Amino acid sequence: MDKYVINGGRRLSGEVTISGAKNAAVAILPAAILAEAPCVIENLPNISDVSVLLEVLSIMGAKIRTINKSSIEIDPTRITNPYVPYELAKKMRASYYFLGALLAKHKQAAVPMPGGCDLGVRPIDQHLKGFRSLGAEDSIDDGFIHVKANELMGTQIYFDTVSVGATINVMLAAVKAKGLTIIENAAKEPHVVDLANFLNSIGADVFGAGTDVIKIHGVDSLGGATYSIIPDQIESGTYMVATAATGGDVVIKNVIPKHLEVLTFKLEKIGADIEVFDESLRVRSQGNITKTSIKTMPHPGFPTDMQPQMTALLTLAEGTSMITDNVWDNRFKYVDELRRMGADISVDGKVAVVEGKGSLKGAPVKATDLRAGAALVIAGLAAQGVTEIEDIYHIERGYEDIVVKLRSLGADIKKIHVPEEAIKKAL
Ligand code: EPU
């Protein structure tokens, strides 16, 4: 078992470069099977979710060539085995994007029910509603979702709820459908736009991504392309919050400031000083954070994926803050871990009330999911004393080189390996 050991209480300072966006990468890699020529994907984050998808693509028969740490070439032209193994699919949610992509490519797909972070009930009814509207049938057998269609026909689809996953999956399925597909009440997240841009770069005709109406004119064939993934909005936000929490001064490079506007506004309001440049941000803080209220919403609202990190920050503010998660019904599991560090937080359904105490104390804690893990790293960096974080595999699903990046900013953090025998002996 690996864990992070953080000796907290050090200000972060210096420069950090943000990697490619996880949630764009996990959509673009399955989308690459639609190409009919090799694709070069650049600014690909080196994280475990990406490694899992590359393994799935290889098992399917795609040829993957590593160009450098953040660029690969995928040749999907010889895919012979359009099958997503359970052992890999269970590791991540985004494996279900192969449903839309395989449906478009082979008119059928079987993908295991997806894994991923446990954030409450995660239905896929809107994905299936979209596939059915396009003319596909679905069933669930032996834990696999099966979809198939004789022909996919463009249609108008109105989502009952705003869903990133359903928007992406239906976009993938519709790219080669006959005629025009109109998705209404679509998600507007930056990674939805990035996927649309990738699809258009290989010859698709997707219009309106980034608004709540996306129009897709089906095309008969698609080529290949070289495409660079956008910077990770949530990784950027996590370093912004970590800087604010440690009273630091950090220049965060390779960001799209527009994607971070709502967070920038919030952090400025509670005491951080933020300078915005074309592709970077400088965050400065004296550590004097004030209380606030946060309500997460789909983009362009406050991102739910920054909610745990902000909660960690607000435990360091003086006064009472209220955090409402309007996207997920159970995204406060990590609160028990922050309590071990001295935080005073009560949770009632989708609302957490944080009684800020101005400080935290280091403690042994466990990452319960990806962003919860990021929140514990932030808490550990700001706390007095030593914090040991277990189950860091959650964190490494989505943060490239987090230890290296934080150490370069002056943090005292290391990853250590604890042999299984030592754990058994201690029990
Ligand atoms: N929903 C339905 N029916 C559906 C789909 C979703 O009711 O068919 C509901 C969900 O239960 C949830 C809400 O709609 O309450 C939003 O879910 P969405 O489908 O938008 O989430 P997702 O696609 O499963 C992606 C990100 C999450 C992020 C959410 C919300 C990826 C791979 N995952 O999940 O990211 O929290 O959008 O922005 O893109 C993370 O990166 O840590 C992460 C969890």
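We now turn to the structure provided with this report. (Residues numbered from 1 in each chain as written. Predicted model: local features only at pLDDT ≥ 70, side-chain atom pairs only at ≥ 80, totals over all residues. Heavy atoms only, no water.)

Spanning twelve residues, helix α7 (residues 190–201) covers 16 Å between terminal C-alpha atoms, matching the ideal 16 Å at 1.5 Å per step. Those residues of α7 that sit buried are Pro190, His191, Val192, Asp194, Leu195, Ala196, Phe198 and Leu199. Gly203 occupies a position one or two residues after α7 and carries a positive phi of about 110°. (Helix = DSSP H or I, 4+ residues; strand = E, 2+ residues; numbered from the N terminus. Expected span 1.5 Å × (residues − 1). Buried < 20%, exposed > 50% of the residue type's maximum accessible area, 1.4 Å probe, protein only.)

Before going further, it helps to spend a moment on the sheet that holds strand β20 (residues 351–357). Spatially, four strands are ordered β17-β18-β20-β19 in an open sheet, and the strand pairing comes out mixed. At either margin of the open sheet sits one strand with a lone partner, and together these are β17 (293–296) and β19 (344–348). Each strand axis lies, on average, 15° off the axis of its neighbour in the sheet, ignoring direction. In terms of strand pairing, β17 meets strand β18 (residues 318–325) through four bridges, oriented parallel. Bridge pairing links Ile294 to Ile323 in β18. (Pairing = 2+ DSSP bridges. Axes fitted to C-alpha atoms, helices over the stretch in contact; angles between N-to-C directions.)

Moving on: the sheet that holds strand β12 (residues 213–217). Within a sheet, adjacent strands bond to each other through the backbone by hydrogen bonds, running parallel or antiparallel. The four strands are arranged β9-β10-β12-β11 in an open sheet whose pairing can be described as mixed. Looking at which strands have only one partner, the edges of the open sheet turn out to be β9 (156–158) and β11 (205–207). With strand direction ignored, the average angle separating the axes of adjacent strands in the sheet is 15°. Where β11 meets β12, three bridges bridge the pair, whose relative direction is antiparallel. Pairing of Val206 across the sheet is with Ile216, part of β12.

Now for the pattern of salt bridges. On inspection of all chains with the given rule, the structure shows 21 salt bridges. One salt bridge connects Lys69 with Asp401, and the closest N-O pair in it is separated by 2.5 Å. Here Asp401 lies in the loop between α13 (393–396) and α14 (402–408) and Lys69 lies in the loop between β4 (63–68) and β5 (71–75), a separation of 332 residues in the sequence. Arg340 is the salt-bridge partner of Glu337, the closest N and O atoms lying 3.5 Å from each other. Remark: Arg340 and Glu337 occur in helix α11 (residues 335–340); sequence separation between them is three residues, near one turn of the helix. With relative accessibility at 12%, the residue Glu337 sits in the buried group. (Salt bridge = Lys/Arg side-chain N within 4 Å of Asp/Glu carboxyl O.)

To continue, consider the site of the ligand. Around the ligand, 25 residues are found, and the nearest of them are Gln126, Ser163, Val164, Asp305 and Val327. Contact distances for the ligand include 3.3 Å between an oxygen atom and a backbone N or O atom of Pro123. Here an oxygen atom of the ligand and a side-chain polar atom of Ser163 are 2.6 Å apart. Surface burial for the ligand is 89%, taken as the share of its 820 Å² of free accessible area covered by protein chains. (Near = heavy atom within 4 Å. Polar contact = N/O pair within 3.5 Å; in protein donor to acceptor, adjacent residues only side chain to side chain. Areas by Shrake-Rupley, 256 points an atom, 1.4 Å probe, with all protein chains shown as cover.)

This part covers the pairing of strand β22 (residues 386–390). Of the two faces of β22, only the one carrying Thr387 and Ile389 is buried; Val386, Glu388 and Glu390 on the other face are not. Sheet topology note: the strand β21 (residues 364–366)/β22 ladder contains three bridges and is parallel. The residue bridging Pro364 from the neighbouring strand is Glu388, located in β22. Following the backbone out of β21, through helix α12 (residues 370–382) and into the adjacent parallel β22, one traces a crossover that is right-handed. (Right-handed = clockwise from strand over helix to strand, strands pointing away.)

Just geometry here; none of it tells us what the structure is for.
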